[in-house]
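# Summary of structural features
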Amino acid sequence: MDFHNDCIGTSLECARALGTRLWGVRFDTSEMLVDKSIIGRMGSFRPTGVAPELVFMAREALDREGYGHVKIIVSGGFNAERISRFEAQKVPVDAYGVGSSLMQGSNDFTADIVRVGGKNLAKAGRVYKTNTRMEAVQA
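Right, let's walk through the structure included here. The structure displayed is predicted, hence computed values, not measured ones.

### Points about helix α1 (residues 7-18)
Helix length check: α1 (12 residues) gives 16 Å between terminal C-alpha atoms against 16 Å at 1.5 Å per residue, within 8%. Along α1, the residues classified as buried are Cys 7, Ile 8, Thr 10, Ser 11, Leu 12 and Ala 15. Tucked into the core, α1 has its buried residues touching β1 (24-27) and α2 (52-64). Positioned one or two residues after α1, Gly 19 has a phi angle of 55°, which is positive.

Next comes the structure, spelled out in structure tokens:
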């Protein structure tokens, strides 16, 4: 839901389009970004990444429009300590993505699509970067 860095707007857009067919939404906002949904409320909390305030606001917005069935999944920098903080605050999260917190070493990476058909198409916070070590492979 963070493709355009507007988790709440995109969640509502998807819910309106899919109705009861939408099972859940996933927030994975980069720790380097502030989701545009919470800009007006900044000042008393750490606003970057998937902030608890963003999840509370999303749950309220989905419920208000009749999409209480839609689950909220969060990921991006979650580990046992961060999950404990969210749970202690009773943040309305239905599932956590923990990914790299289960890995040891320095093998952390993302595999975002950043280019399609020769056109740049990346979510907010990502860009196409050339890599001289890459070679085209014939199928």
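### Thoughts on unusual backbone geometry
Despite not being glycine, Lys 90 has its phi angle at roughly 55°, a positive value. Positionally, Lys 90 belongs in the loop between α3 (80-88) and β3 (95-96).

### What to know about the packing of aromatic side chains
Per the stated rule, a full pass over the model turns up 3 aromatic pairs. Summarising the aromatic geometry, the rings of Phe 78 and Tyr 96 are spaced 5.6 Å apart at their centres and angled 50° between planes, so their arrangement reads as tilted. Of this pair, Phe 78 sits in the loop between β2 (71-74) and α3 while Tyr 96 is found in strand β3, placing the two residues 18 residues apart along the sequence. For Tyr 96, a relative accessible area of 21% corresponds to the partly exposed category. Each ring, one from Phe 86 and one from Tyr 96, has its centre 6.5 Å from the other, and the planes form 80°; the classification is edge-to-face. Here Tyr 96 lies in strand β3 and Phe 86 lies in helix α3, a separation of 10 residues in the sequence. Given a relative accessible area of 4%, Phe 86 falls into the buried group.

### Focus on the nonpolar core
Ile 8, Phe 27, Val 55, Leu 62, Ile 72 and Val 74 are the most contacted members of the largest nonpolar core, which has 26 residues in total. Among residues more than four places away in sequence, those in contact with Leu 62 are Ser 11, Leu 12, Ala 15, Tyr 67, Gly 68, Val 70 and Ile 72.

### A closer look at the pattern of salt bridges
Two side chains with opposite charge may pair up if their charged atoms get near one another. Counted according to the given criterion, the structure contains 4 salt bridges. Among the ionic pairs, Arg 85 bridges to Glu 81, the shortest N-O distance being 3.0 Å. In this pair, Arg 85 and Glu 81 are both assigned in helix α3, 4 residues apart and thus about one turn of the helix distant.

### A word on the sheet that holds β1
Each strand in a sheet pairs with its neighbour through backbone hydrogen bonds, running either in the same direction (parallel) or in the opposite one (antiparallel). Sheet architecture is open: 3 strands sit in the order β1-β2-β3, paired in parallel fashion. Across the chains shown, the open sheet's two edge strands, defined by having one partner strand only, are β1 and β3. Strands in contact with α2 are β1 and β2; relative to β2, the strand with the most contacts, it is inclined by about 160°.

### Here's the deal with the side chain of Ser 11
With respect to the helices and strands, the residue Ser 11 is situated in helix α1. Within the structure, Ser 11 has its side chain in polar contact with the backbone oxygen of Cys 7 (distance 2.7 Å).

Analysis parameters
- Residues numbered from 1 in each chain as written.
- Predicted model: local features only at pLDDT ≥ 70, side-chain atom pairs only at ≥ 80, totals over all residues.
- Heavy atoms only, no water.
- Helix = DSSP H or I, 4+ residues; strand = E, 2+ residues; numbered from the N terminus.
- Expected span 1.5 Å × (residues − 1).
- Buried < 20%, exposed > 50% of the residue type's maximum accessible area, 1.4 Å probe, protein only.
- Contact = heavy atoms within 4.5 Å.
- Phe/Tyr/Trp six-rings, centres within 6.5 Å; stacked < 30°, edge-to-face > 60°.
- Core = buried A, V, L, I, M, F, W, Y, C linked by side-chain atoms within 4.5 Å.
- Salt bridge = Lys/Arg side-chain N within 4 Å of Asp/Glu carboxyl O.
- Pairing = 2+ DSSP bridges.
- Axes fitted to C-alpha atoms, helices over the stretch in contact; angles between N-to-C directions.
- Polar contact = N/O pair within 3.5 Å; in protein donor to acceptor, adjacent residues only side chain to side chain.

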